[in-house]
Amino acid sequence: RAVAGVLLGYSAHAVLSAFGVAAVVSTSPLLFSILKWTGVAYLFYLATQILYSALQKKHGIQLKYSRNVSIWRGFFTSFLNPKGLLMYLAILPQFVSPHGNTAFQAILLSLSFISGCGFVYTTVGLIAAKAHGSNISDRARRRLESLTGLLLAGAAIKLANQIQ
């Protein structure tokens, strides 16, 4: 479900990019800055939630989110990620020919990118889901969640340092 949310976020970027809205955001320093800082705040929020969970005593990894929450978390994680948006603003346009229908080409390239991401993320998700049922010690869970939370916090700090 989280993978579906991430792919929906990428799809939103693709549609915005194909119809020029993403270009408007990239040319407006204020809008782009707001998007970046929203992404930083969301990464910090996720990091604090995971680190808080690492401090709790539990038995194994517990998935407590509903279907809708997982989809929305995935969506916002990808949609608010400025690096994901930059994929559609800086990399994909290099492969669009000015001699054809640019919106159609942008959508086709985006579908290729999203399909590749879907394959990789689904594979990782299936492996993680299989591990979810495994008997993992509380100590191992806490270490894993601590590492994950610190990595997310580090990514948020790195992203915040890059915002000018």
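Keep in mind that this is a model prediction, so the values were computed, not measured. The numbers attached to residues start from 1 for each chain and follow its sequence in the written order. Predicted model: local features are reported for residues with pLDDT of at least 70 only, side-chain atom pairs are reported and counted for 80 or more only, and whole-chain, interface and lining totals are derived from all residues. The side-chain quantities take in all heavy atoms of the structure and omit both hydrogens and water.

1. Section: the overall build of the chain
When its secondary structure is counted, the chain shows 7 helices and 0 strands. Strands are runs of DSSP state E lasting at least 2 residues, helices are runs of H or I lasting at least 4, and numbering of each runs from the N terminus. Scanning the chain from its N terminus toward the C terminus, one meets helices and strands in the order α-α-α-α-α-α-α. Three exposure classes are used, based on accessible area relative to the maximum for each residue type with a 1.4 Å probe and protein chains only: buried under 20%, partly exposed in between, and exposed over 50%. Within the chain, the fraction of its 164 residues that count as buried is 30%. Restricting to contacts in the chain with at least 6 residues of sequence separation, those with at least 24 account for 89%. Accessible areas in this description were obtained via Shrake-Rupley with a 1.4 Å probe; residue shielding takes into account the shown protein chains only. Entry remark: accessible area of the chain is about 10,500 Å², with carbon and sulfur atoms responsible for 69%. By definition in these notes, contact holds between two residues if any of their heavy atoms fall within 4.5 Å.

2. Here's the deal with helix α1 (residues 2-18)
Two residues of an α-helix separated by three or four positions point the same way, owing to the 3.6 residues in each turn. Any helix carries an expected span of 1.5 Å times its number of residues minus one. In this model α1 runs 24 Å from its N-terminal to its C-terminal C-alpha over 17 residues, within 8% of the 24 Å that 1.5 Å per residue would give. Within α1, burial applies to Gly5, Val6, Leu7, Gly9, Tyr10, His13, Ala14 and Ala18. Downstream of α1 by a residue or two, Gly20 has a phi angle that is positive, lying close to 85 degrees.

3. What to know about the nonpolar core
Here the nonpolar core consists of buried residues drawn from Ala, Val, Leu, Ile, Met, Phe, Trp, Tyr and Cys, with membership extended through side-chain atoms lying within 4.5 Å. Counting 9 residues, the largest nonpolar core consists of Val6, Leu7, Tyr10, Ala14, Met87, Tyr88, Leu92, Ile114 and Cys117. Breaking this core down by element, the ones donating at least two residues are α1, α5 (82-91) and α6 (102-132). With 4 residues, the top contributor of residues to this core is α1. In contact with Ile114, other than residues within four places in its own chain, are Leu7, Tyr10, Ser11, Ala14 and Tyr88.

4. Description of the environment of Val6
You can see Val6 is positioned in helix α1. Taking the C-alpha atoms as reference points, Val6 and Phe75, 69 residues apart in sequence, are found 4.6 Å from one another. Once you skip the residues sitting within four places of it in the chain, Val6 turns out to touch Gly74, Phe75, Ser78 and Tyr121.

5. A closer look at the side chain of Ser110
Positionally, Ser110 belongs in helix α6. Given the relative accessible area of 3%, Ser110 is considered buried. If we skip the residues at most four places from it in the chain, Ser110 touches Ala14, Tyr88 and Leu92.

6. Remarks on the packing of aromatic side chains
To pair, rings of Phe, Tyr and Trp, with the six-membered ring standing in for Trp, must have centres within 6.5 Å; the planes then decide the type, stacked if under 30 degrees apart, edge-to-face if over 60, and tilted in the middle. A full pass over the atoms with the stated rule returns 6 aromatic pairs. Each ring, one from Tyr10 and one from Phe113, has its centre 5.4 Å from the other, and the planes form 50 degrees; the classification is tilted. Separated by 103 residues along the polypeptide, Tyr10 in helix α1 and Phe113 in helix α6 bring together distant segments of the chain. Taken together, the aromatic side chains of Trp72, Phe75, Phe76 and Phe79 make up a single cluster linked through ring pairs.

7. Here we look at a nonpolar patch on the surface
Note that patches include only residues with greater than 30% relative accessible area and no salt bridge, and the join distances are 9 Å for like charges and 5 Å for nonpolar side chains (Val, Leu, Ile, Met, Phe, Trp, Tyr). Throughout this description, the term salt bridge denotes a Lys or Arg side-chain nitrogen within 4 Å of a carboxyl oxygen of Asp or Glu. Taken together, the side chains of Val24, Leu30, Leu31 and Ile34 make up a nonpolar region of the molecular surface, amounting to roughly 380 Å² of accessible area. For the nonpolar patch, the leading source of residues is helix α3 (residues 29-55), giving 3 residues. Here Leu30 lies in helix α3.

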